[in-house]
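# Observations on the model geometry
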Amino acid sequence: MLKIFKVTAILEGISYLVLFANMLLIKNNNPELYHTLLRPLGMTHGILFIGYIVLAFLLKKSMNWDLKTFAIILVASLIPFGTFYIEKKYLETKANA
């Protein structure tokens, strides 16, 4: 399940950045393309975000995360590049062990 969480964390981070790119770069230059992409990008990101949160709750006990670590993992999903940080700092060493 940890490998699934790692993949979800990376994909969630990528989808977050793609959603921002759509909003910041494409919206001003091509509003029609922006609206066409918004729904599928938003839905994909939403599903990955929910998956990230659910998997974090499922892994909390088996990974022995204390409350502080668990809070950092949850808050990282709200910050751009946050899930990449979590994957490197908290999940990289655990998966290789």
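Looking at an unreviewed UniProt entry, one finds the protein chain named DUF3817 domain-containing protein, with Flavobacterium crocinum as its source organism. According to the UniProt record, the Subcellular location (unreviewed entry) comment for the protein chain is "Cell membrane".

Following both chains from N to C, one finds helix α1 (residues 2-29) and helix α2 (residues 31-62) inclined at 155 degrees, their axes separated by 8 Å at the closest point. Put simply, α1 runs roughly antiparallel to α2. When you trace α1 past α2, the crossing you get is left-handed. A class-by-class count of the residues in the contact of α1 with α2 yields 22 nonpolar, seven polar and two charged.

Further remarks concern the nonpolar core. Counting 17 residues, the largest nonpolar core has Phe5, Tyr52, Trp65, Ile73 and Ile86 as the members making the most contacts within it. Taken together, the elements giving at least two residues each to this core come down to α1, α2, α3 (67-76) and α4 (82-96). When residues in this core are grouped by element, the largest group, five residues, is from α2. In this structure Ile86 touches Tyr52, Ile72, Ile73, Ala76 and Leu91, once residues within four positions along its chain are discounted.

Counting through the fold element by element, Thr8 comes out in helix α1. Thr8 gets classed as buried once you look at its relative accessible area, which sits at 11%. Not counting the four nearest positions on each side in its chain, Thr8 is found in contact with Leu48, Gly51, Tyr52 and Leu55.

A separate point is the UniProt feature "transmembrane region" (unreviewed entry) in the protein chain. In this numbering, the UniProt entry assigns the feature "transmembrane region" (unreviewed entry) to residues 7-26, 38-58 and 70-86. Along residues 38-58 one finds 100% helix and 0% strand; the C-alpha atoms at either end are 30 Å apart. As a span, residues 70-86 carries 71% helix and 0% strand, and end to end its C-alpha atoms are 11 Å apart.

Attention now moves to the packing of aromatic side chains. Per the stated rule, a full pass over the model turns up six aromatic pairs. An angle of 50 degrees between the planes, with centres 6.1 Å apart, marks the rings of Phe5 and Trp65 as tilted. With Phe5 in helix α1 and Trp65 in the loop between α2 and α3, the pair connects residues that are 60 residues apart, well separated along the chain. Across this residue pair, the class does not change: Phe5 and Trp65 are buried. Centroid distance Tyr16 to Phe20: 4.8 Å. Interplanar angle 35 degrees. Geometry classified as tilted. Of this pair, Tyr16 and Phe20 are both found in helix α1, four residues apart, which corresponds to roughly one turn of the helix. Classification of Tyr16 as buried rests on a relative accessible area of 16%.

Reading the values: the criteria
Residues numbered from 1 in each chain as written. Predicted model: local features only at pLDDT ≥ 70, side-chain atom pairs only at ≥ 80, totals over all residues. Heavy atoms only, no water. UniProt positions renumbered as here; feature names shortened; annotations may be inferred. Axes fitted to C-alpha atoms, helices over the stretch in contact; angles between N-to-C directions. Helix = DSSP H or I, 4+ residues; strand = E, 2+ residues; numbered from the N terminus. Parallel < 35°, antiparallel > 145°, perpendicular 65-115°, else oblique. Left-handed = near helix turned anticlockwise from the far one by under 90°. Nonpolar A, V, L, I, M, F, W, Y, C, P; charged D, E, K, R; others polar. Core = buried A, V, L, I, M, F, W, Y, C linked by side-chain atoms within 4.5 Å. Buried < 20%, exposed > 50% of the residue type's maximum accessible area, 1.4 Å probe, protein only. Contact = heavy atoms within 4.5 Å. Phe/Tyr/Trp six-rings, centres within 6.5 Å; stacked < 30°, edge-to-face > 60°.

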